[in-house]
Amino acid sequence: MRWDAQRLDAAESATLPGMPTTRGLLRSVQVPEFPGVTFHEVRSKSALNEVPGPSPMPFRWTINPYRGCTHACVYCLAGDTLVLMADGGQVPIADLRVGDRIVGTEQRGSHRRYVTTEVLAHWSTAKPAHRVRLADGTEVVASGDHRFLTGRGWTHVTGATAGRGRRPHLTTDDELLGPGRSLALVGVAAAAGAGRPRRILGTRVGGGPDLRVVDVADLGVELPMFDMTTGTGDFVANGVVSHNCFARGTHQWLELDTGRDFDTQVVVKRNLVDVLRRELARPSWRREHVALGTNTDPYQRAEGRYRLMPGVIAALAGSGTPFSILTKGTLLRRDLPLLAAAARDVPIGLGVSLAIRDDELHASLEPGVPSARARLELVRAITDAGLPCGVFLAPVLPGLTDRLADLDATLAAIAQAGAGGVTVVPLHLRPGAREWFSAWLAREHPQLVPRYRQLYRRGASVAPEYRRWLAGRVAPLLAAHGLDRQAGGAARGVSPAGGIPGDEDSEFPAGSLPAGPAPVGAADPAGEGPEQLALI
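Rules used throughout
Residues numbered from 1 in each chain as written. Predicted model: local features only at pLDDT ≥ 70, side-chain atom pairs only at ≥ 80, totals over all residues. Heavy atoms only, no water. Salt bridge = Lys/Arg side-chain N within 4 Å of Asp/Glu carboxyl O. Helix = DSSP H or I, 4+ residues; strand = E, 2+ residues; numbered from the N terminus. Buried < 20%, exposed > 50% of the residue type's maximum accessible area, 1.4 Å probe, protein only. Expected span 1.5 Å × (residues − 1). Arc of directions from axis to C-beta. Contact = heavy atoms within 4.5 Å.

## Considerations on the pattern of salt bridges
Part 1: Applying the stated criterion across every chain yields a total of 17 salt bridges.
Part 2: R270 is the partner of E41 in a salt bridge, and the nearest nitrogen-oxygen pair spans 3.1 Å. With a gap of 229 residues between them, E41 in strand β4 (residues 38–42) and R270 in the loop between β19 (265–269) and α4 (272–280) connect regions that are remote in the sequence.
Part 3: Overall, E41 belongs to the buried group, its relative accessible area being 3%.
Part 4: The class for R270 is partly exposed, based on a relative accessible area of 39%.
Part 5: Here D215 makes a salt bridge to R131, at a shortest N to O gap of 3.8 Å. On the criterion of sequence distance, the pair formed by D215 in strand β16 (residues 213–230) and R131 in strand β12 (residues 111–134) is long-range, its members being 84 residues apart.
Part 6: For D215, a relative accessible area of 23% translates into the label partly exposed.
Part 7: Its relative accessible area of 25% is what places R131 among the partly exposed residues.

Next comes the structure, spelled out in structure tokens:
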């Protein structure tokens, strides 16, 4: 993380821990939704960052609401946990899809009531499993970090009464809240209109002695766990109200010079929107294309807490500034109405990055990252909203995701989702990412280690012969699926628009950059130094 590029108010005496030159710290906070992560909320002096002059990027300005990315995630429930749907049925959490309508709760006045909400993101990984057993016989298998609604508020499955692990946790004195086990009896009849969910919508959330916790047991094994983001921040699981995580941040192939700190020490520019509005209002601002997502994902799950992007979108569109967003985060669905409205005022481009369709490989390499299916559904939601969308098939992993049949199936699915174009990018291993990936490869696929040493013998970029081989393999597939269109120089008046973050030899796909010419030659409105760019 390039901390020295974070220009803060020099008049502030507060600084970030261990970073005496970085000023403007408002506070450092830790919250239950992000165990092990510290958010450093800062007052930023500038919002617009200028791309280095020699850069081949087809844009001059970027915005990064966050520094660092919340990779680590709390995963909650076993895959067979039944989630109450808005139509009265119940679906295992493993089978839910982004966009599904389910039952959540909402505080209205002094009471919490049942309401309809939507699944905004969905993901899984393996976590140590605990079984929570209730007096009515209900059992829920969850991670220790998961939280349920009790009579004393949101409470973790496990915790301690003292020390570093101290936090509210379930005991046999707790009673969970929810409609209870009888929910399971409504089944298909509920979907036909006679079920309980329609009757409970709008009613108060309560509990009862049958939902008393009688046992919390460590099962001593890791099991696949699933979690999601909903519009209300919760859902009903096996008849009890269950908290959910914020939208999943993405696993990113970044050229950063820090490792764990990037995951666990996240800088949040709390005043970003106000600063951006002031910069966009300056007479010197020429309304050039501004790119988001070229360094850290603006729709990482921290955005579910801080909600900076709605203000950013409104400020850019209101000033007449074209912009683009690159993300893996399905939380972007939340802002589709705002983006559709913005597109009526300014040119915009949207890009979605995805890489791995194999579930087992995805679980091993990208645990917790939104699945390829979820991101394909995001592409479809974007295009259904009448917005442009290009896809970055990145990174392609030699020997793992470059088989002809896999590439063909993935590109076919992308075309069906309505993407305007696709750029296929081989794995790039810069310092930081290289060490992490090499350790993973040696552990999970040791037979491929010699091949990777040969392919990456020259450094971060894959050997030219592999790049040529991959290009030859995908070219006919792109043409066959109508995905061989590039964005050209629409956003900057250059053609072709070469150089994507992390791979300067590749080009942006159609749909990922604003269409139409944009003003050039603007003066620097903020005076901020260059940012490091990398494909997410």
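On we go.
## Brief notes about helix α10 (residues 404–416)
Part 1: Look at α10: 18 Å from first C-alpha to last across 13 residues, which is about the 18 Å you get at 1.5 Å a residue.
Part 2: Within the span of α10, buried status applies to L407, T410, L411, A413 and I414. For α10, the buried positions fall inside an angular range of 160° around the axis, keeping them on one side. Exposed and facing more than 90 degrees away from the buried side of α10 are A405 and Q416.
Part 3: Buried positions along α10 lie against β22 (348–354), α9 (372–384), β23 (390–396), β24 (421–426) and α13 (464–480).
Part 4: Note on α10: the residue one or two positions beyond its end, G418, has a positive phi of about 95°.

Distances and angles like these do not, on their own, reveal function.
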